[in-house]
Structure formats: structure tokens, C-alpha cells
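Here are the chains, one letter per residue:
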Amino acid sequence: MPLQSFQNTFAGNPLNRASDRRIDAEWLAGQLASSDSLGVALWNGKPLVEKTKDGGLQIAYLPAKMADELAGGRERLLFLGLWQETAVFAVDLEGTADPAQGPVQGLGEFKELRTIAAQLPATDAAILATAKSMFEWRRRHQYCAACGQPSETMDGGWKRQCPSCKVEHFPRTDPVVIMLAVHGERCMVGRQETWPKGMFSALAGFLEPGETIEEACARELEEEAGLKTVRVRYHSTQPWPYPSSLMIGLIAEVENEDATPDQTELSEVRWFSREEARALVRGEVPDTFCPQPMAIAHQLIKAWAFDE
């Protein structure tokens, strides 16, 4: 449920996940058959959306019955939760043929979530991110990691179980630390050679087993830029459905500005004063830009630059 705190894009899912109802197969079947229940369709990870009157986009909801028919069984179905008393399901469609030219013709278009997120209501983006993350997990975990046999979906799509060895498998979220290094009145951003020319961003890396968030932050800054971390401050988090990560946003105070890019993860680093960082956020630095506002990296730079 949405909380009174800073929310990045893909956060703030308004649905009651109703996790206690997931194990009730009879209740789920009844909700799927109900004419009041709703369905959300994704095709190869792209959500079905429709235009709004003001030129934006929104989820193109289907009747849950239709989603059930399209799924052809529970394997491709996910119980997303309740909107007030209305059950909401998602269906995972795959294949080369666009369903918008077939079974859902006239109901909307399938579009890449990353490119349309800013055009969606924040709540719609969060709902779709949840569905996308869960379906990506389903695709990657169709076989039991313990014995290699095909696993089966359970609990409304939120669990998989191996019918052979009975091992249960649950969705995973990969924690990623993403940090803006600061020293005094300057912040540092870096770039990878593979990024679009002129793009600079905060540094990031996966949290490893046995590490705290602070330790991962310090390790990544030292590995990628040779910087020693003094203090770490939490800013916010962002669900990132590519395929299923939680970006943990941090402001990291470092000992000095003697940064050296490792030429593996980073090809270049740059230091910005607060005024320069404000210009970077506003898109006013010639031939240089930072990620779009939907990215937590943008929000970290903005928060420090404007001292929010």
C-alpha cells in the first residue's frame, strides 16, 4: 500500500495484495469467474495500455474472465490483489504474433513499460511493474532448482512447487545499491562506455550475500572509482522490473575527490558543484545529461543538488 514517503516511479502500488487469499483456490476461481473482476494483459513483458482523454496512457483493463481464457490455465495467471473489493488478475502472453492484432484487437496497444512509464498514472506504473517482475520470475524459474523437474504455479502465481521433490520456490528480488558520492559541496557521477554519449549517472552495484547495504555501497565506490566512503545516508528505494530488482538509493560521503574510474564498470567520472548539478538535472549542461526523472539516479542527484 502507498505510504507517506518519497515515491519513485514503479513504487506506490495501490492494490491490497490480499496475500491471505492467494492460498484459497476456490475463492480465486470465483473471482476469476466474476463479471466484476478485472484483468491486466502483458505480451512478452509489454503491458496493454490505452490512450486517455488528456493524451496520456493508462492500463487497458480486460474482464478477468477474458484474461482467464487467454491464459489457458493457471500457469500464465497472476492474482495481483484487490482494488477496494474488486479482484485484479494479470495474464502473461507470449509469442511472435501481437495479440492486439488478434484476441484483444481494439482494446489497446502493447507498449514497452520503460518507454511509457512517464505517461502513465503513478499507480498504473506500479501495478504493471509488479506484474512484469512476477512474470519475469516465472519465465526464469519454470524448473525446480533442487532436482531440475518442471515446477507448478501455486498461490495465485506467487509460489512455485516441484511436484517431484516438493520443494517450494518463491519470487526473488535482487537488491541493488545505487549511490551518489559527495564530498563537501560537490557530487560525483560516472558513465559507462556503452551508455548514450554524454550520459552520466550515479554508481550502482548488486548487494552481495553477507553484506550490509552500507558495506555494499562502500565496496562499489572503492571498486569502481577508488573512493573511500565515510558515511552513508538513505534516500529512497525503487522497484525496478528489469527483470526484478530493488534499487536502494543512497547519498555517500567520501573522504576526497581522488576518483579514478576502473575502466571496466566506469570509463569516466565527473564532479559537479550544487549549481552545476542543478543545471544537469534541468538539462542545461551542454552535451551532458543524467537519467530521466523516472530513474532513481535522477532523484538522487536532484535531492542533493536542491538539498531536499
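Preceding block: the structure.
Report follows, based on the coordinates. (Residues numbered from 1 in each chain as written. Predicted model: local features only at pLDDT ≥ 70, side-chain atom pairs only at ≥ 80, totals over all residues. Heavy atoms only, no water.)

## Some remarks on helix α2 (residues 64-71)
To keep things clear, this is the line we draw: We call a residue buried when its accessible area falls under 20% of the maximum for its residue type, exposed when it is over 50%, and partly exposed in between, using a 1.4 Å probe and counting protein chains only. A run of H or I in DSSP counts as a helix once it spans at least four residues, and a run of E counts as a strand once it spans at least two, with each numbered from the N terminus. This arc is taken over the directions from the axis of the helix to the C-beta atoms. Note on contacts: a residue pair qualifies if any of its non-hydrogen atoms lie within 4.5 Å across the two residues.
What α2 keeps buried is the set Ala-64, Ala-67 and Ala-71. For α2, the buried positions fall inside an angular range of 55 degrees around the axis, keeping them on one side. Next to the buried residues of α2 lie α1 (25-33), β1 (38-43), β4 (62-63), β5 (77-83) and β6 (86-93). Two residues or fewer past α2, Gly-72 is found with a positive phi of approximately 70 degrees.

## With respect to the environment of Tyr-242
Condition: We call two N or O atoms a polar contact when they sit within 3.5 Å, provided that within protein one can donate a hydrogen and the other can accept it, with sequence-adjacent residues counted only if both atoms are side-chain atoms.
Positionally, Tyr-242 belongs in the loop between β14 (229-240) and β15 (245-254). Dropping the residues within four chain positions of it, Tyr-242 is found in contact with Phe-10, Glu-112, Leu-113, Arg-114 and Lys-132. Here the side chain of Tyr-242 touches Arg-114 through a polar contact of 2.9 Å, landing on its backbone nitrogen.

## What to know about the sheet that holds strand β8 (residues 152-154)
We apply this condition: A pair of strands counts as paired when DSSP detects no fewer than two bridges linking them.
One open sheet accounts for three strands, arranged β8-β9-β10; its pairing is antiparallel. Unpaired on one side and paired on the other, β8 and β10 (168-169) mark the two borders of the sheet. Where β8 lies against strand β9 (residues 159-161), three bridges are found, and the strand directions are antiparallel. Within the sheet, the bridge partner assigned to Thr-153 lies in β9 and is Arg-160.

## Digging into the packing of aromatic side chains
The test is simple: Two aromatic rings from Phe, Tyr or Trp, using only the six-membered ring of Trp, form a pair when their centres are within 6.5 Å; if the ring planes differ by under 30 degrees the pair is stacked, by over 60 it is edge-to-face, and anything between is tilted.
Counting across every chain of the model gives six aromatic pairs. For the pair Trp-43 and Phe-110, a centre-to-centre distance of 5.8 Å together with 65 degrees between the ring planes defines the contact as edge-to-face. Taken as a pair, Trp-43 in strand β1 and Phe-110 in strand β7 (residues 109-110) lie far apart in primary sequence, 67 residues in all. Looking at Trp-43, the relative accessible area reads 11%, which means it is buried. Given a relative accessible area of 10%, Phe-110 falls into the buried group.

## Here we look at the nonpolar core
Considering soluble globular proteins, one finds that nonpolar side chains tend to be buried as a cluster. Let me state the cut-off plainly: Among buried residues, the Ala, Val, Leu, Ile, Met, Phe, Trp, Tyr and Cys ones that are joined through side-chain atoms within 4.5 Å form a nonpolar core.
Formed by 50 residues in total, the largest nonpolar core has its most connected members in Phe-10, Val-40, Leu-80, Leu-120, Leu-180 and Trp-304. Sort the elements by how many residues they give to this core and helix α4 (residues 122-140) lands first, with eight residues. If we skip the residues at most four places from it in the chain, Val-40 touches Ile-59, Tyr-61, Leu-80, Val-88, Phe-89, Ala-90, Val-91 and Leu-128. Residues Trp-43, Phe-79, Phe-89 and Leu-93 belong to the second largest nonpolar core, which totals 22 residues.

## Side note on α4
This is how the line gets drawn: Helix span is expected to be 1.5 Å times the residue number reduced by one.
Here α4 is 19 residues long and its end C-alpha atoms lie 27 Å apart, about the 27 Å a rise of 1.5 Å per residue gives. For α4, the tally of buried residues reaches 15 of 19 residues, placing the bulk of the element in the interior.

## So, the pairing of β5
With six of seven residues buried, β5 is to be regarded as a mostly interior element. Both β5 and β6 contribute to a ladder of six bridges, which runs antiparallel. Among the inter-strand pairings, Leu-77 is bridged to a residue of β6, identified as Val-91. If you look at the hairpin formed by β5 and β6, you'll find two residues sitting between the two strands, and Gln-84 has a positive phi there, around 55 degrees.

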